[in-house]
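# Architecture and fold: a report
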Amino acid sequence: MGLEEKLPSGVLLTTVEGVAGYFRKASFWPATFGLACCAIEMMTSGGPKYDLARFGMEVFRASPRQADLMIVAGRVSQKMAPVLRQIYDQMAEPKWVLAMGVCASSGGMFNNYAIVQGVDHVVPVDMYLPGCPPRPEMLIDAILKLHDKVQGTPLGANRQAQIRELEAEGLVALPTGDMKGLLR
Amino acid sequence: MVSTSSTTGTEDIYAGASETTDGKVFTVSGQDWDEIAAGLGEQGGDAQERVVVNMGPQHPSTHGVLRLILELDGESVTEARCGIGYLHTGIEKNMEYRSWVQGVTFCTRMDYLSPFFNEATYCLGVERLLDIEDAIPEKANVMRVLLMELNRLSSHLVCIATGGMEIGALTVMTIGFRERELVLDLFELITGLRMNHGFIRPGGVAQDLPPGALDEIRGFVALMKKRLPEYAALCNANPIFKARLEGVGHLDLEGCLALGVTGPVLRSTGYPWDLRKTSPYCGYETYDFDVQTWDTSDSYGRFRLRLNEMWESLKIIEQAADRLAKMEGEPVMVADKKIAWPSQLAIGSDGMGNSLDHIRHIMGESMEALIHHFKLVTEGFRVPAGQAYVPIESPRGELGAHVVSDGGTRPFRAHFRDPSFNNLQAMGVMSEGGMLSDVVVAIASLDPVMGGVDR
Amino acid sequence: MTDDKSKDGVDRTGKSEVPDEVGKPVAEKEVVEPKPAVQQPAVDQSPENVPAPTGEVRPVGERRGMFGVSGTGDTSGYGGLVAPVVLPGAAQRPYGPSTGSGGAGWFDVVADGLDPLIESVVIHRGEITFHIARENLVAAVKLLRDEPSLRFELCAGVNGVHYPEDAGRELHAVYSFLSMTYNRRIRVEVSVPDADPHLPSICSVYPAVDWHERETYDMFGLIFDGHPALTRILMPDDWPGHPQRKDYPLGGIPVEYKGGTIPPPDQRRSYT
């Protein structure tokens, strides 16, 4: 590996948070939550060409109790939303949600009676991945970005403080509708 | 026991027991079977025998978000019912609010494993209403056939791959997806997208073939001729594979017709019904290929049939490629400028972009061209009032779009008769009386795609 | 091609573009000139351009304006346009040399087989549609399946269409039948009023329509009497309303984007 040579007398110093984050990110087990077109691209990511196994996560778990990442791959209908929530509830903490594709992120082109306009109405989402459907490379990139996020997640009191800080920020955030973008 | 969530305590809010008129009903969500066993012991008699299992909608072996409600006696299935609608997307309603051309973008997302077939049946219906069926350029038809047959290959590959995965043969899945990637690379080269192309448009196809595409296609066909025998070598005589598939999911010709089942399932009964032969569209009558049949009416026959159909598709792809080689520079869109999309998109240095020549023309040279472009893109064309239904042979059977126009610029109603939706009705007949493990095989042999079932 | 005359030069001589009933047969007898390079046969044969068929033609709706604006916002002057929406009219016997592989003149063969049960027949773009009253539906489909000269083995399904302005016949159920023996395909259409959306189920004759009828009930509220379990199939069981009817909104939400709000497609201004 070469890592040993760089360490002074075989000792590596790090934080508990760093180690926990490292272990968590390196053993992601996604739940199979394929819904529509994106599910096929998700399966392709696990296939031979894109080979998600390189990042230690080719094992898609069928049981939510063994999974810690839910990749919501596809459009979530009003009928599916309660099922999705139940599966999310059955996953053990810590758990993350990746909204794959524009339908899961925001409803996308299906702005109608049948589709939930973004899976974040049902479960908290950690990573949004646009595309219709996103390429497997994009999915892998999103997962790696989520890895970075998991690696940097604080623990215990630090985490509580972070949550409070994020919530305080969220409460004063400007709603999207009131933002002045480039449009005017 | 680890609780499911730090806030809800040890109680699983979804599981529990309740008294109903049919006796005590237990809801199980994956743990605490002891309580169930004890509860069933109190009931006595029948209650110990009859278990209703709810399989799905989130289950790795149900081919998507399909919910199966199975009544079990031991491991035998006594009754089987489907619950569908978990992927209902309202695409048909959405299409009513978009122009006729934009409808292609919606319907391609229905049956996401065979997007070109959705587009083609919709476009053929619109073209019949416009009465321009005879005006479609020859090259557009050949390209449609080429893309549809490539699509049939990729769809059958996924069917075999996921079917293999569902019975535990993961190698079949990985090699199936390996070959499918090759088809998707071709799609990307020709249409710019791996899936959900929106490439076949009313009047023709969106773009001409890019340079070098024919060489790629020929290389692909040559490679597939080496790779397809691998499936035969891996599966055809594999004793485990045969033991799981042979005699499972039996559905004879009479059953198929009564239940409206078409496609490979119908052909596996020995009846050579293929719309490409019986009511040809897009010039299929001019291609040399055979309708494959099998005579066992079971899942194994359907697997072999799909394998044989892939060889036939390769034959058609070769013929289409030969024809395209002689059609350099021919139009791919109908000549009527009131229907044909005004600009041909070109790939710029950023990988996407408009045709600069066209922009120069409408912005610098001709005000009328600009007006025409604007009208056609925003308003679209009007389609005479009436209704049309042009079915085509999708990888799963008869796929047709019932297109209704009221003379406006948008579809009045577009309804898709999807073969998966119809074929799934046969699930009960095919699996009742068999083992629980055979249900999965029977469904995989039907190859339903839930995006097409629920739309 | 029936009215080449109206295309090449009639309007230049100042006559009306629309061929009138009297002048029509004369135009047909004239020598057919070479066809122009760009043809739009679809427009020529669309219902508003051909002489009215002798059968019944009823408007099923009305199209007003052109650009989707109303009130004082309309400066185009096209806002006052009113055009009836007319579906292809009924055909008269003989139904002519039917095309396709079903054998010469098979439209008449099928019509003969069904004769007393037919309300009207529409032939449009080479496809034949039999309008059948709901009380005759089951008898008709039994004939279609069992009669040796018909033999429609396969019912491809049923689909609803909602014409809110077609008074008394708002809801249409459209069946597609396929005869594999003769390679023929027909369409059967049953119209029922919105106030009484009942029609008999043909599930006992063609089990294949089981789910199709459930879907049509789910989406349009058509009640198929005699169906073994007419419940919702695609929408959740407790869903109110029937989503694909014309009086049911699309149900989209406005999309907010930094500084802008875009209404859902059904509430945007659109061409009519």
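Residues numbered from 1 in each chain as written. Chains lettered and ligands numbered in written order. Predicted model: local features only at pLDDT ≥ 70, side-chain atom pairs only at ≥ 80, totals over all residues.

Broken down by element type, chain B carries 18 helices and eleven strands. For chain B, the residues scored as buried account for 53% of the 455 residues in total. Considering only residue pairs separated by 6 or more positions, chain B has 66% of its internal contacts joining residues 24 or more positions apart. (Helix = DSSP H or I, 4+ residues; strand = E, 2+ residues; numbered from the N terminus. Buried ≥ 20, exposed ≤ 12 C-beta atoms within 10 Å, placed from the backbone. Contact = placed C-beta atoms within 7 Å.)

Turning next to the UniProt feature "binding site: [4Fe-4S] cluster" (unreviewed entry) in chain A. Per the UniProt record, "binding site: [4Fe-4S] cluster" (unreviewed entry) is annotated on Cys37, Cys38, Cys103 and Cys132 of chain A. In sequence the annotated residues extend across 96 residues, while in space they remain close, none of their C-alpha pairs exceeding 10.2 Å. Within the element layout of this structure, cysteine 37 of chain A appears in helix H3 (residues 37–46). Every residue in contact with cysteine 37 of chain A, bar those within four places of it in the chain, is listed here: Gly74 and Pro133 of chain A together with Arg109, Tyr112, Met195, Asn196 and Gly451 of chain B. Tracing the sequence through the fold places cysteine 38 of chain A in helix H3. Residues contacting cysteine 38 of chain A, with those up to four places away along its chain left out, are Ala73, Gly74, Met100, Gly101, Pro133 and Pro134 of chain A. (UniProt positions renumbered as here; feature names shortened; annotations may be inferred.)

Okay, the domain arrangement of chain B next. All names here are of chain B. If you check the domain split of chain B, you get domain 1 (16–83) and domain 2 (98–335 + 381–454). Computed from C-alpha coordinates alone, the two centres of domain 1 and domain 2 are separated by 36 Å. Opposite the 17 residues of domain 1 that make contact, domain 2 presents 18 residues. Counting residues per element, the ones that place at least two in the side of domain 1 that touches domain 2 are strand E4 (67–73) and strand E5 (76–83). Here the element with the most residues in the side of domain 1 that touches domain 2 is E5; it accounts for seven residues. Broken down by class, the residue content of the side of domain 1 that touches domain 2 amounts to eight nonpolar, six polar and three charged. (Domains from an automatic or database assignment. Nonpolar A, V, L, I, M, F, W, Y, C, P; charged D, E, K, R; others polar.)

Residues and elements named next belong to chain B. Summarising burial for strand E11 (residues 413–417): five of the five residues are buried, a large majority. In E11, alternate side chains face the same way, and those of Arg413, His415 and Arg417 on one face and Ala414 and Phe416 on the other are all buried. Bridging between strand E10 (residues 397–405) and E11 involves five bridges; their strand directions are antiparallel. Counterpart to glycine 400 in the pairing with E11 is arginine 417. (Pairing = 2+ DSSP bridges.)

All names here are of chain B. Spatially, the three strands line up as an open sheet ordered E3-E4-E5, and their pairing is antiparallel. One side of each edge strand has no neighbouring strand; the edge strands of this open sheet are strand E3 (50–55) and E5. Strand-to-strand, the axes of this sheet are offset by a mean angle of 20°, without reference to chain direction. Examined bridge by bridge, E3 and E4 share six bridges and lie antiparallel to one another. (Axes fitted to C-alpha atoms, helices over the stretch in contact; angles between N-to-C directions.)

Residues and elements named next belong to chain A. The strand order across the open sheet formed by four strands is E1-E2-E3-E4, and the pairing between neighbours is parallel. Strands at the two margins of the open sheet, each flanked by one partner only, are strand E1 (30–31) and strand E4 (127–129). As defined by bridge partners, strand E2 (residues 69–73) adjoins strand E3 (residues 96–100) across five bridges and the pair is classed as parallel. In the sheet register, methionine 70 faces E3, and the bridge partner there is valine 97.

Turning our eyes to something else, we now look at the nonpolar core. Counting 222 residues, the largest nonpolar core has Met70, Val72, Leu98 and Met100 of chain A together with Leu146 of chain B as its most contacted members. Counting residues per element, this core draws most heavily on helix H5 (residues 138–166) of chain B, at 15 residues. When residues are assigned to domains, this core turns out to be shared by domain 1 (16–83) and domain 2 (98–335 + 381–454) of chain B, each giving three or more. Discounting chain neighbours no more than four positions away, the residues touching methionine 100 of chain A are Cys38, Met42, Ile71, Val72, Ala73, Leu129, Pro134 and Leu139 of chain A. (Core = buried A, V, L, I, M, F, W, Y, C linked by C-beta atoms within 7 Å.)

Moving on: the interface of chain C and chain B. Across the contact, 44 residues belong to chain C and 44 residues belong to chain B. Broken down by secondary-structure element, the contributors of at least two residues to the side of chain C that touches chain B are helix H3 (41–45), strand E1 (59–64), strand E2 (82–86), strand E5 (154–162), strand E6 (171–179) and helix H6 (210–220) of chain C. Looking at the side of chain C that touches chain B, the element that brings in the most residues is E5 of chain C, giving six residues. Broken down by class, the residue content of the side of chain C that touches chain B amounts to 24 nonpolar, 13 polar and seven charged.

Now for the interface of chain A and chain B. Each partner contributes residues to the interface: chain A has 33 residues there, and chain B has 30 residues. For the side of chain A that touches chain B, the elements supplying multiple residues, two or more each, are H3 and helix H4 (81–90) of chain A. Counting residues per element, the side of chain A that touches chain B draws most heavily on H4 of chain A, at five residues. When its residues are assigned to classes, the side of chain A that touches chain B shows 18 nonpolar, eight polar and seven charged.

What follows deals with the pairing of E2 of chain A. Residues and elements named next belong to chain A. The buried count for E2 comes to five of five residues, which makes it a mostly enclosed element. Neither face of E2 is exposed, since Leu69, Ile71 and Ala73 on one face and Met70 and Val72 on the opposite face are all buried. Relative to E2, E1 is paired through two bridges, and the arrangement is parallel. Paired with alanine 31 across the bridge in E2 is methionine 70. Handedness of the E2-H4-E3 crossover: right-handed. (Right-handed = clockwise from strand over helix to strand, strands pointing away.)

The next thing to look at is the packing of helix H13 (residues 356–365) of chain B against helix H14 (residues 367–379) of chain B. Residue and element names in this part refer to chain B. Direction vectors running N to C along H13 and H14 enclose 120°, while the axes themselves pass 6 Å from each other. Considering how the two elements wind past one another, H13 and H14 form a crossing that is left-handed. Counted together, His361, Ile362 and Met363 of H13 and Ala369, Leu370 and His373 of H14 form the full contact between these two elements. Of the residues belonging to the contact of H13 with H14, the class tally is four nonpolar, two polar and no charged. (Left-handed = near helix turned anticlockwise from the far one by under 90°.)

So, about the confidence of the model for chain B. Atomic detail in the predicted coordinates should be set aside for any region of low pLDDT. Overall, the predicted model of chain B reaches an average pLDDT of 85, with 87% of residues at or above 70. Predicted confidence is poor over residues 1–9 of chain B, with pLDDT under 50, and the contacts of this stretch with residues over four places away or in other chains come to 13 contacts. (pLDDT = per-residue confidence, 0-100.)

The subject of this paragraph is helix H7 (residues 213–236) of chain B. Residue and element names in this part refer to chain B. Under the 1.5 Å per step criterion, the end-to-end length of H7 is 33 Å for 24 residues, consistent within 8% with the ideal 34 Å. The largest bend in H7 comes to about 30°, at lysine 225, with the proline proline 229 one to four residues further on. Along H7, the residues classified as buried are Ile217, Phe220, Met224, Tyr231 and Cys235. Packing partners of the buried residues in H7 comprise H5, helix H6 (170–191), helix H8 (239–245) and helix H12 (299–325). (Expected span 1.5 Å × (residues − 1). Bend = angle between axes of the 7 residues up to and from the residue.)

Once that is clear, we can look at helix H4 (residues 115–130) of chain B. The periodicity of an α-helix, 3.6 residues per turn, causes residues three or four places apart in sequence to face the same way. For H4 of chain B, spanning 16 residues, the distance from its first C-alpha to its last is 23 Å, which sits close to the expected 22 Å at 1.5 Å a residue. Positive backbone phi, approximately 60°, marks aspartate 131 of chain B, located one or two places after H4 of chain B.

Let's shift gears to the packing of H7 of chain B against H12 of chain B. In helix packing, the relevant descriptors are the interaxial angle and the interaxial distance, both defined with respect to the helix axes. Residues and elements named next belong to chain B. Close contact between H7 and H12 brings their axes to 10 Å; oriented N to C, the two are set at 170°. Here H7 is positioned roughly antiparallel relative to H12, judged by the angle of their axes. Judged by the twist between their axes, the crossing of H7 over H12 is left-handed. In contact with Leu214, Ile217, Arg218, Val221, Met224, Lys225, Leu228, Tyr231, Ala232, Cys235 and Asn236 of H7, H12 contributes Phe303, Arg304, Leu307, Met310, Trp311, Leu314, Ile317, Glu318, Ala321, Leu324 and Ala325. For the contact of H7 with H12, a count of residues per class yields 17 nonpolar, one polar and four charged. (Parallel < 35°, antiparallel > 145°, perpendicular 65-115°, else oblique.)

All names here are of chain B. Take isoleucine 91: it is sitting in helix H2 (residues 91–95). Classification of isoleucine 91 by C-beta neighbours within 10 Å gives buried; the count is 25. Residues isoleucine 91 and alanine 388 lie 297 residues apart in sequence; the distance between their C-alpha atoms is 19 Å. Those residues in contact with isoleucine 91 that sit more than four places away from it in its chain are Phe106, Cys107, Arg109, Met110 and Arg455.

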